[in-house]
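What follows is the residue order along each chain.
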Amino acid sequence: MSAPPIPKLPGYTVCMPQSLSDKGFKKHQTLNYLNGYQREETLAVVKELPERVATDAVAGTSSATLPASMLAPDAASKLPQWVENDRKVLRFFGYFKESVVESNMENHRIRKVILYYYLEDDTMHVAEPRQDNSGIPQGVFIKRHRVTCEDGGFFNPDDFSVGQSVTIYGRTFFLVDADNFTREYLAGKGKEQGAALPYPDDPVDGYRTAFGMNRGRADDTTAGTLTRRMNDFKAYVEARLGKPSHLLDGDRLRQFLENNKKVLRFWCVWDERQSMYGDRRPYVLHYFLEDDTVEILEINESNSGRDPFPVFLKRGPLPKVPVKTNTTLNPKYRKDQCYSPGDFRLGTFISVLGRDFYLHDADTFTKNWYKDNLGFGDEEMTPVDIKEPILPKPKAALPPYNGYGTLEDSLQNCLSLVPKPPKRDLHKLMNKDKIILRFVVKMVDTETHKHSGTDLARRFILSYFMMDDTLLIFEPPVRNTGIAGGKFLERQRIYKPRSEEIYTYLDLYVGSVIEVFNRSFELLEADEYTLTYMENYKDIFVMADTDVMVRSLNAQVSGKEDAVRAALIAADKAGTGALGGEDLEAGLLAAGLKFTRHQAISLKRRLDKNKTGTISIEEFLGLLGI
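Reference entry: report on the structure contained in this document. Note that the structure is a prediction, hence the values are computed from the model and not measured.

Re the environment of V516
With respect to the helices and strands, the residue V516 is situated in strand β19 (residues 513–516). The buried category is assigned to V516, whose relative accessible area is 5%. In this structure, V516 is in contact with L489, I494 and F521, ignoring residues within four places of it in sequence.

Spelled out as structure tokens, the structure:
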């Protein structure tokens, strides 16, 4: 008697491994990633081995070969469906018939729909495109979900085909077309789609055509002609019988259906600068073709100082005739008394309740509408340039300097009601700090000021601070002169005579003369740091640029080479063939050449490479090309 079978409960079943000698009973990993997506593999299950194969395996023979399906577990050959078919949607175009009761115009209605089938999760939804002024609730007809068939299963792509019908929840949809992606996808699955089918005629369209009720149709030339003539005759008879004229303006319903959401837009300006506190303001004029009303909106410009109050004229008929202001009620105007599209032309004025607005431009839709309906040409719809030249802002005249305080401090009283400290150049403060140019100066006589011999013999140290363009004059004490040395001028900015311009580093070089509080000082020499700094920045300090001096001397020497050579040789009194700094200056001055002492000093420093204090005459003449 065989033992009772083990119940198939967790913990009671045993799965033998592929190899009977394998003693590993661990559970393998089933979670991994494939192409960056999470994926769960099927668990490897050992299948029952045939008796012959098991016997050979135990005996160690290989007379039988295991099938491939038994050697390895089944593996997925593609990505998950929601990854492979992400954002892939099949789209079919179709319609369904809706019964209409209690209507003499139609007994059924054709309603067009679009069917969407999402491949990623086999869901679908049906939408009906919205139609203006249809009076029918349209939009999503069936929400997205998995729709069941009549047999109880779910819809799949094989259930849809162009030319066939689909029944969803008791309503039959007829498919007449599909988009290109849908056709290509189904063709790849071996299901070709037929050609696109036309939509059936709607009974209400035939009724409207027969009675001339189709509004604004381009092909409406023959149908309903008799009816339109009867309508015109009816209006004539009603007018003869005394019907009010404001009710004979036309078919308002027809005008609304033909021109719904059609708006003409013009850009205009209102210039009232000739009146007190007037201004030139831009506006936008909208003309609504559906009911012949006008609204004007103000364009809010940035930094205009005006409150954003855009509505200048509320939407309504715009009268052309003068408006009476002594009436308490709003008068009603006939259609011929109000503006129509033919009254708006670019480059003309229109009267808006007594205000003249100038039309200068229109949008693209407005231009095309005038060309198609009123026969306007490109010349009549050309925008008008209304830009005015921008006048320079007048600068306030500054009063003359009164001498109190510094010029910058006094200027702040003219620029603002509450004076503020003058702004300092932080770049110079940070980069030019501790850069001081020092010169040895002396007093010189002028036509208006004469000095004694003692004052002319005094020597001063002038320091120029690059960080703030200030000057400091110091007099070194000299014994037995009777003059106490020390600070001669407090550090401050010095203004040029009869000017509001200060002295800068460009005005300071050896040989120049500056005037400080009615005293003239000549710069005699500079220290080594000053000369080196000026030579390193010769693009700023022109007097330290020897190349400029050489080009100037070459231009002056042209035509008098012999005189220059003779003057330099005559300046060499010792006959050594070399000249010192002062002798070189004397020789060039004797030859009639113009230069400054600072240029001569820089040239001597350039040519005196051995620091001997002299310059070879032949080397200098070679530099001049003599």
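There is more to say after this.
Thoughts on the environment of F96
Mapped onto the secondary structure, F96 falls in strand β3 (residues 89–99). Residue classification places F96 among the buried residues on the basis of a relative accessible area of 1%. Expressed as a C-alpha distance, the spacing of F96 and T172, which sit 76 residues apart in the sequence, is 6.3 Å. The residues touching F96, leaving out its near neighbours within four places in the chain, are R109, I110, R111, V113, F141, R171, T172 and F173.

A few points about the nonpolar core
The biggest cluster of nonpolar side chains holds 27 residues, and the ones touching the most others in it are F439, L462, L508, I514 and F521. Looking at this core, the elements with two or more residues in it are β15 (436–444), β16 (460–465), β17 (470–475), β19, β20 (519–526) and α12 (528–536). Top element by residues in this core is β15. It accounts for 4 residues. Among residues more than four places away in sequence, those in contact with L508 are F439, L462, Y464, L471, I514, L523 and M534. Within the second largest apolar cluster, 24 residues are counted, among which are V294, L318, L359 and W369.

A short note on helix α4 (residues 180–188)
Those residues of α4 that sit buried are T182, Y185 and L186. All buried residues of α4 project into a common sector of 90 degrees when viewed along the axis, lining one side. More than 90 degrees from the buried face of α4, the exposed residues found are N180, E184 and G188. In the segment just after α4, G190 is the residue with positive phi, at about 85 degrees.

Quick notes on a nonpolar patch on the surface
A surface patch of nonpolar side chains, about 320 Å² in accessible area, is lined by Y236, V237 and L241. Mapped onto the secondary structure, Y236 falls in helix α6 (residues 225–240). Judged by its relative accessible area of 47%, Y236 falls in the partly exposed class.

Calculation notes
- Residues numbered from 1 in each chain as written.
- Predicted model: local features only at pLDDT ≥ 70, side-chain atom pairs only at ≥ 80, totals over all residues.
- Heavy atoms only, no water.
- Helix = DSSP H or I, 4+ residues; strand = E, 2+ residues; numbered from the N terminus.
- Buried < 20%, exposed > 50% of the residue type's maximum accessible area, 1.4 Å probe, protein only.
- Contact = heavy atoms within 4.5 Å.
- Core = buried A, V, L, I, M, F, W, Y, C linked by side-chain atoms within 4.5 Å.
- Arc of directions from axis to C-beta.
- Patch = residues over 30% accessible without salt bridge, like charges linked within 9 Å, V, L, I, M, F, W, Y side chains within 5 Å.
- Areas by Shrake-Rupley, 256 points an atom, 1.4 Å probe, with all protein chains shown as cover.
- Salt bridge = Lys/Arg side-chain N within 4 Å of Asp/Glu carboxyl O.

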